[in-house]
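Structure at a glance
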Amino acid sequence: MEIRLQKALAQAGISSRRHAEQLIEEGRVEVNGKVVTEQGTKVDPTKDLIRVDGKLVAEPERKVYYVLHKPAGMVTTFSDPQGRSTIRDCLEGIEERVFAVGRLDWDAEGALLITNDGELANQLMHPRFKAPRTYLAKVKGIPDQPTLEKLREGVLLEDGIAKPDAVQVEGETERNTWIQLVVSEGRPHLIKRLCAAVGHPVVRLFRARYAGVGVEGLQPGKYRALTATELEQLRKGVSGGMPAAAAAGLRLPPRHHRAAGAVSEGAEVEEPLEVELSAEENEPSEPRRDARPAKRPEAKSFGKREVGGRGGESRGFGKREVGGRGGESRGFGKRE
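Residues numbered from 1 in each chain as written. Predicted model: local features only at pLDDT ≥ 70, side-chain atom pairs only at ≥ 80, totals over all residues. Heavy atoms only, no water.

**Examining the overall build of the chain**
A count of helical and extended segments in the chain gives six helices and 21 strands. Here the chain, with 336 residues, has 43% of them falling under the buried criterion. Within the chain, contacts between residues separated by at least 24 positions form 64% of all contacts whose residues are at least 6 apart in sequence. (Helix = DSSP H or I, 4+ residues; strand = E, 2+ residues; numbered from the N terminus. Buried < 20%, exposed > 50% of the residue type's maximum accessible area, 1.4 Å probe, protein only. Contact = heavy atoms within 4.5 Å.)

**Section: the nonpolar core**
Counting 26 residues, the largest nonpolar core has Val67, Leu113, Leu124, Tyr210, Leu226 and Leu234 as the members making the most contacts within it. Looking at this core, the elements with two or more residues in it are strand E7 (65–70), strand E9 (109–115), helix H3 (118–125), strand E15 (202–210) and helix H6 (228–240). Core analysis: the next-biggest nonpolar cluster, separate from the first, contains 21 residues, Ala137, Leu151, Leu157 and Ile179 among them. (Core = buried A, V, L, I, M, F, W, Y, C linked by side-chain atoms within 4.5 Å.)

**Focus on the confidence of the model for the chain**
The pLDDT averaged across the chain works out to 78; a share of 74% of its residues lies at or above 70. With pLDDT under 50 throughout, residues 257–269 is counted as low confidence; its partners more than four residues away or in other chains account for 20 contacts. Below pLDDT 50 for its whole length, residues 274–336 participates in 88 contacts with residues either more than four positions away or in separate chains. (pLDDT = per-residue confidence, 0-100.)

**Re the side chain of aspartate 44**
Turning to its location among the elements, aspartate 44 is positioned in the loop between strand E4 (42–43) and strand E5 (50–52). Taking relative accessible area as the criterion, aspartate 44 reaches 8% and is therefore assigned buried. Residues contacting aspartate 44, with those up to four places away along its chain left out, are Met1 and Glu2.

**Focus: the pairing of strand E13 (residues 166–172)**
Sheet analysis places E13 next to strand E14 (residues 176–183), joined by six bridges and oriented antiparallel. Bridge assignment links glycine 171 to a residue of E14, and that residue is tryptophan 178. Hairpin geometry of E13 and E14 is characterised by an intervening segment of three residues between the two adjacent antiparallel strands. (Pairing = 2+ DSSP bridges.)

**Quick look at H3**
Every α-helical turn comprises 3.6 residues, leaving residues that sit three or four positions apart pointing alike. Extensive coverage of H3 is indicated by the burial of six of its eight residues. Residues of H3 that are buried include every one of Gly118, Glu119, Leu120, Ala121, Asn122 and Leu124, and no others. Near the N-terminus of H3, the side chain that reaches the backbone nitrogen of glutamate 119, with its oxygen 3.3 Å away, is that of aspartate 117. (Polar contact = N/O pair within 3.5 Å; in protein donor to acceptor, adjacent residues only side chain to side chain.)

**Considerations on the packing of aromatic side chains**
One pair of aromatic rings is described through two measures. These are the centre distance and the angle between the planes. Here the structure, examined in full by the defined rule, presents one aromatic pair. Aromatic pair tyrosine 66 and tyrosine 223: ring centres 5.3 Å apart, planes at 85°, arrangement edge-to-face. Here tyrosine 66, found in strand E7, pairs with tyrosine 223, found in strand E17 (residues 223–225); they are 157 residues apart in sequence, far enough to count as distant. Take tyrosine 223: its relative accessible area is 25%, and that puts it in the partly exposed class. (Phe/Tyr/Trp six-rings, centres within 6.5 Å; stacked < 30°, edge-to-face > 60°.)

**Quick look at the pairing of E9**
Each regular strand shows side chains that alternate between the opposite faces of the sheet. Among the seven residues in E9, seven count as buried, and that is most of the element. Bridge count for E7 against E9 is six bridges, and the pairing is antiparallel. Counted as the bridge partner of valine 67 is leucine 113 from E9. By the bridge criterion, two bridges tie E9 to E15 in an arrangement that is parallel. By the bridge assignment, glutamate 109 is partnered in E15 with phenylalanine 206.

**Some thoughts on the sheet that holds strand E2 (residues 29–31)**
Strand order in the open sheet formed by four strands is E3-E2-E5-E6, and the pairing between neighbours is antiparallel. Whereas interior strands pair on both sides, the edge strands pair on one side only; in this sheet they are strand E3 (34–35) and strand E6 (55–56). Sheet topology places E5 next to E6; two bridges connect them, and they run antiparallel. When the sheet's bridge partners are listed, valine 52 is paired in E6 with lysine 55.

**Section: helix H5 (residues 190–197)**
Most of H5 sits inside the fold, with six of its eight residues counted as buried. Of all the positions in H5, only Leu190, Ile191, Lys192, Arg193, Leu194 and Cys195 are classed as buried. Packing partners of the buried residues in H5 comprise strand E10 (133–140), helix H4 (145–153), strand E11 (155–157), strand E12 (160–162), E14 and E15. Glycine 199, located one to two residues past H5, shows a positive phi value of around 85°.

Given below as structure tokens:
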């Protein structure tokens, strides 16, 4: 049976169909010894010899489906020229050639689907199928109701209006707030940009579920096979649409480990995650060169205070002179 070349590559687990089209355009695909660059070329995977970068493409023995709890500080690729940790480090034991469905930022954590089913992966990532992504974002400050309504109504970003499918507060600490956001589009750094646009930058980002599949019970860096029920829901969802309402019963991710003497969760102040506007989603954020350290609570006396004997002096807030025996007193300034 003849099918399109990009579909054959996707079914063989080489890549998503969209990436397969890119491979064809770049002249990296051969059919029966001839380079093919025309999209839509028909092939028969059971008869034609298909090669990508010189390697023969074969039908996978079986389709596999996993969900990985991606840790923060890891790129969503299988190799990295900068030598950073990749998701390959977490997928030992999987013999099939697999790939990730979509991306998670280098500094984000949570649910990442892993499979060799290119057809299903393409459907899950395609905007037309609107697969919901559920995030828990820890943002700086405490958003008020008008701010939350602004998020729900949509925010104008540099690449157009972005409107989450659902927004609700999950919890508050002394200085930060956990917000659940559900989106059904995959624009780069969308959650970070949405929150930054309303004045509450993200300090921690956790994807709780992708298309309804979550990482409950999984430690960061661990993966599990999808259940038959989850796989059936995914297939039904891409054919009939997926609900994009806020999810109930989500658990906040465990706190990051901190060095001894660190402050408690309620009092911690974390630096916001950087929002990058490039198309690459996996680059680590660089510290802002113009960033200023946060102001610390100031003591009652801002200036220098020295206490000595009769000749000692005290420097306070300002200067006030009062005459008296033996000299002068400068209340808010210098006293000799």
